Amino acid sequence: MKIGKIYFETYGCQMNVADSEMVAAIMKADGYETTDDVQSADVVIINTCSVRDNAERKIWNRLDFMKGLKHRNKGLKVGVIGCMAQRVGDKLFDSGAVDFVAGPDAYRHIPELVRETDIKPVVDTEFDIAETYAGIEPLRLDSESISGFVSITRGCNNFCSYCIVPYTRGRERSRSADDILRESENLMKQGYKEITLLGQNVNSYRFGDMDFPKLLETVARHVPEMRVRFTTSHPKDISDELLEAIARNSNICNHIHLPVQSGSNVVLERMNRKYTREWYLDRISAIRRIIPDCGLSTDIFCGFCGETESDYMQTVDLMETVGFDSAFLFKYSNRPGTFASKNLVDDVPEEEKVARLARLIEIQNRISLQRNKSDIGKEFEVLVEGESKRSSEMFCGRTQQNKMVVFDKKAYKKGDYVKVKITEASSATLKGIVIQ
Ligand code: SAH
Ligand code: SF4
Ligand code: F3S
């Protein structure tokens with residue numbers, strides 16, 4: 001029998017990357033093998049994101065391309081999975097390119113869905129609060145990478161008023177610690193050097209009497225030769241206990257991604273973030289006290305409903321006060337079905353959103369450059385990730401603080417830990433020389 005070939009295309013957050021690897025495992029068990037060549041695929045799976053309108057627009061464009069591909073390859077089946085599959089459902093068939101649609105809790109059914117498409121297009125967007133994909137060992141799709149993801153929770157219960165995720169991913173649930181430890185160990189056995197534990201709010205992890213600080217420490221001690229990272233922490237739940245676990249374990253990376261979203265209390269309240277600017281700044285002080293050399297990054301978006309120039313200036317002020325090493329910056333995008341979409345007015349004009357975002361980017365670039373320049377002369381442990389994009393004579397890798405460093409290759413290889421002294425800095429990267 002001919003073995004079916006499956007091609008994956010993944011958009012959105014790291015959670016989707018982890019999910020594609022799980023779906024790949026499910027499909028492999030059904031007799032498929034993965035391919036990197038879309039032209040030779042029998043099945044194409046597009047794993048999608050709905051977080052902002054432009055993420056969805058990208059997918060509609062991609063489906064146009066798939067329509068052409070299907071025209072040339074009559075047997076080809078195209079599936080859309082992930083957050084946009086959940087949100088948009090059978091309207092995706094309007095593209096003329098889609099055979100099946102599967103939401104984030106329906107992945108075990110995909111082999112069956114593919115078979116059903118022989119008769120007609122199919123949709124499965126049922127939520128299943130019990131689904132944690134227990135017992136499925138992800139099939140790693142990026143064989144070049146030394147860094148792998150392990151999801152520890154699925155879904156989100158926070159209902160920030162602007163956010164679509166609770167509607168696309170359903171209620172929060174934690175995966176068993178045994179599954180997480182087994183996946184981490186398997187990554188180690190396959191030669192991976194770094195794992196990132198994933199959840200929309202990792203701090204709310206709970207399985208039996210295992211909470212997140214305990215889980216993080218247990219994983220770190222289980223795979224002592226690997227670096228352990230995690231994302232995302234919600235500022236309302238980040239405890240001193242967690243910070244102490246990071247400080248105590250040398251292989252838990254000294255880096256925290258702590259999305260603040262806004263520096264204005266009025267806006268934070270309207271966002272339903274459940275913390276204040278003062279609370280956030282207190283958490284930053286705790287981080288600096290307990291983990292003095294901790295890298296810090298954040299997410300911020302401007303132009304939310306009712307954001308005034310003075311609210312916006314408080315965000316700018318908070319950025320200056322904290323001095324984030326880096327930040328993901330966005331402008332508000334109205335998501336149908338959310339509390340904000342139904343009850344608040346999207347009243348900041350688009351030109352104003354664009355202008356505010358441009359200023360945020362400029363400010364953060366300056367801050368990142370300052371932060372990076374302050375690393376010149378310091379020494380860092382860097383995990384070699386691979387060749388630098390700019391030059392095949394150079395390697396790149398990250399510090400524990402999550403900063404990218406470029407340095408001479410010499411006799412080192414991917415996966416090595418090297419000590420690098422920083423000699424130059426731009427806003428995006430550090431350059432250095434290996435000292436051992
Ligand atoms: N669970 C994570 C965030 C997941 S979404 C957390 O709570 O921090 C990633 C980022 O996208 C968010 O942090 C936010 O900055 C941004 N985002 C989410 N919804 C958005 C929207 N409607 N418009 C613009 N940005 C949004
Ligand atoms: Fe969205 Fe808030 Fe949940 Fe993050 S915590 S995924 S921003 S609802
Ligand atoms: Fe996007 Fe869904 Fe992740 S909306 S950011 S892919 S959880």
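Rules behind the numbers
Residues numbered from 1 in each chain as written. Chains lettered and ligands numbered in written order. Predicted model: local features only at pLDDT ≥ 70, side-chain atom pairs only at ≥ 80, totals over all residues. Heavy atoms only, no water. Pairing = 2+ DSSP bridges. Helix = DSSP H or I, 4+ residues; strand = E, 2+ residues; numbered from the N terminus. Right-handed = clockwise from strand over helix to strand, strands pointing away. Phe/Tyr/Trp six-rings, centres within 6.5 Å; stacked < 30°, edge-to-face > 60°. Lys NZ or Arg CZ within 6 Å of the ring centre and 35° of its normal. Near = heavy atom within 4 Å. Nonpolar A, V, L, I, M, F, W, Y, C, P; charged D, E, K, R; others polar. Axes fitted to C-alpha atoms, helices over the stretch in contact; angles between N-to-C directions. Parallel < 35°, antiparallel > 145°, perpendicular 65-115°, else oblique. Left-handed = near helix turned anticlockwise from the far one by under 90°. Contact = heavy atoms within 4.5 Å. Salt bridge = Lys/Arg side-chain N within 4 Å of Asp/Glu carboxyl O. Buried < 20%, exposed > 50% of the residue type's maximum accessible area, 1.4 Å probe, protein only. Disulfide = S-S within 2.5 Å. Polar contact = N/O pair within 3.5 Å; in protein donor to acceptor, adjacent residues only side chain to side chain.

Colleague: Before we move on, could you go through the pairing of strand S1 (residues 5-10) and cite the residues and values that matter?
Modeller: Across two bridges, the pairing between S1 and strand S2 (residues 33-34) is parallel. Note that in S2 the partner of Ile6 across the bridge is Thr34. Handedness of the β-α-β unit built from S1, helix H1 (residues 14-29) and S2 comes out right-handed.

Colleague: Pulling in residues and values, what's your account of the packing of aromatic side chains?
Modeller: Using the criterion set out here, one finds eleven aromatic pairs in the structure. A ring pair is formed by Tyr275 and Tyr280, whose centres lie 6.2 Å apart and whose planes are at 35 degrees; its orientation type is tilted. Between Tyr280 and Phe324, the ring centres sit 6.4 Å apart and the planes meet at 55 degrees, which makes this aromatic pair tilted. Placement of the pair is Tyr280 in helix H10 (residues 277-290) and Phe324 in the loop between helix H11 (309-322) and strand S16 (326-331), with a sequence separation of 44 residues. The structure contains a cluster of three or more aromatic residues connected by ring pairs, namely Tyr162, Phe301, Phe304 and Tyr332. Between the NZ or CZ atom of Arg52 and the centre of the ring of Phe330, over which it lies, the distance is 3.7 Å. Just above the ring of Trp279 sits the side chain of Arg283; from NZ or CZ to the centre is 5.6 Å.

Colleague: An account of the site of ligand 2 is needed here, citing residue identities and associated values.
Modeller: Ligand 2 sits among Cys156, Asn158, Phe159, Cys160, Tyr162, Cys163, Val165, Pro166, Gln200, His234 and Arg273. Per-class residue counts for the shell around ligand 2 are seven nonpolar, three polar and one charged.

Colleague: Residue-level account of the packing of helix H7 (residues 212-222) against helix H8 (residues 240-248), with values.
Modeller: Put simply, H7 and H8 touch, their axes get as near as 9 Å, and they point 15 degrees apart. When the axes of H7 and H8 are compared, the pair comes out roughly parallel. For the crossing formed where H7 meets H8, the hand is right-handed. In contact with Phe212, Pro213, Leu216, Glu217 and Arg221 of H7, H8 contributes Glu241, Leu242, Ala245, Ile246 and Arg248.

Colleague: So what about the packing of H11 against helix H13 (residues 350-373)? Which residues, and what values?
Modeller: Where H11 contacts H13, the two axes come as close as 10 Å, and the packing angle between them is 15 degrees. Looking at the two axes, H11 sits roughly parallel to H13. The chirality of how H11 crosses H13 is right-handed. The residues of H13 that touch H11, namely those facing Glu309, Tyr312, Met313, Val316, Met319 and Glu320, are Glu352, Arg356, Arg359, Leu360, Ile363, Gln364, Arg366 and Ile367.

Colleague: I'd love a proper account of the site of ligand 3, names of residues and values included.
Modeller: Around ligand 3 lies a shell formed by Cys13, Asn16, Thr48, Cys49, Ser50, Val51, Cys83, Val165, Arg169 and Gln200. Within the shell around ligand 3, the residues separate by chemical class into five nonpolar, four polar and one charged.

Colleague: So, the pattern of salt bridges: which residues are in play, and what are the values?
Modeller: Per the counting criterion, the structure on display carries 41 salt bridges. Close ionic contact of Asp19 with Arg154 constitutes a salt bridge, the shortest N to O distance being 2.9 Å. Of this pair, Asp19 sits in helix H1 while Arg154 sits in strand S8 (residues 153-154), placing them 135 residues apart in sequence. Look at Asp19 and you get buried, because its relative accessible area is 1%. Between Arg283 and Asp240 there is a salt bridge, with the nearest N and O atoms lying 3.0 Å from each other. Taken together, the residues Arg283 in helix H10 and Asp240 in helix H8 connect sequence positions 43 residues apart. In this structure Arg283 comes out as buried when scored by relative accessible area, which is 8%. Taken together, the shared-partner salt bridges in this structure form one network comprising Glu137, Arg175, Asp179, Arg182 and Glu183.

Colleague: Account for the state of the cysteines, with residues named and values stated.
Modeller: What the rule picks out here adds up to zero disulfides. Take Cys305: it sits in no disulfide, and the sulfur closest to it among the cysteines is that of Cys302, at 13 Å. Residue classification places Cys305 among the buried residues on the basis of a relative accessible area of 3%.

Colleague: An account of the side chain of Glu194 is needed here, citing residue identities and associated values.
Modeller: Take Glu194: it is sitting in strand S10 (residues 194-198). Separated by 3.0 Å, the side chains of Glu194 and Arg229 make a polar contact. Among residues more than four places away in sequence, those in contact with Glu194 are Ile146, Ser147, Gly148, Met226, Arg227, Arg229, Leu383 and Arg398.

Colleague: Give a detailed account of the sheet that holds strand S15 (residues 295-302), specifying residues and quantitative values.
Modeller: With parallel pairing, the three strands of this open sheet are ordered in space as S14-S15-S16. Of all the strands in the sheet, just strand S14 (255-257) and S16 have a single pairing partner and so form its edges. Neighbour to neighbour, the strand axes of the sheet diverge by 10 degrees on average, direction disregarded. Strand direction decides the pairing type here: S15 and S16, joined by six bridges, are parallel. If you follow Thr298 over to S16, its bridge partner there is Ala327.

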